Amino acid sequence: QVQLVESGGGLVQAGGSLRLSCAASGSIFSINYMGWYRQAPGKQRELVARISSGGSTNYLYSVKGRVTISRDNAKNTVYLQMNSLKPEDTAVYYCNAPDPTRDINYWGKGTLVTVSS
């Protein structure tokens, strides 16, 4: 089992910044990619960014240049630095860690990000 605990969400004005953290614990030896998804009210969950254990990254097109994902493998923690936030970034942000060896997709409970205009 893998446990993912997010932190760092909150209310911020448009143009502001937030840093989300996700700490992983448990049987994480087979985890390669870790990422952040978000789900806004009435919308499907979408991948915001992901990062491999080697540092390769992928970003949702609409956040490129505003969002940076990083990872501290020694602390088993992944971060999402979000700058120049927009009201459309408002969503619950979920940490994700797929385990391909067990075919299990681990999720955190989510952290709410609200961007006011």
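What counts and what doesn't
Residues numbered from 1 in each chain as written. Predicted model: local features only at pLDDT ≥ 70, side-chain atom pairs only at ≥ 80, totals over all residues. Heavy atoms only, no water. Helix = DSSP H or I, 4+ residues; strand = E, 2+ residues; numbered from the N terminus. Buried < 20%, exposed > 50% of the residue type's maximum accessible area, 1.4 Å probe, protein only. Pairing = 2+ DSSP bridges. Axes fitted to C-alpha atoms, helices over the stretch in contact; angles between N-to-C directions.

Participant: What is the right way to look at the environment of Met34 in this model?
Facilitator: Structurally, Met34 is set in strand β4 (residues 34-39). The buried category is assigned to Met34, whose relative accessible area is 4%. When the C-alpha positions of Met34 and Cys95 are compared, they lie 7.4 Å apart, and in sequence the two are 61 residues distant.

Participant: Mind showing me how you'd approach the sheet that holds strand β8 (residues 77-82) here?
Facilitator: To summarise the sheet geometry, strands pair through backbone hydrogen bonds and adopt either a parallel or an antiparallel arrangement. Here four strands make up an open sheet; going across it, the order is β1-β3-β8-β7 and the pairing antiparallel. The two strands at the open ends of the sheet, each matched to only one other strand, are β1 (2-7) and β7 (67-72). Direction aside, neighbouring strands of the sheet carry axes that sit 15 degrees apart on average. Of the pairings in the sheet, the one linking strand β3 (residues 18-26) to β8 comprises six bridges and is antiparallel in character. Across the sheet, the residue bridging to Ser21 is Tyr79, located in β8.

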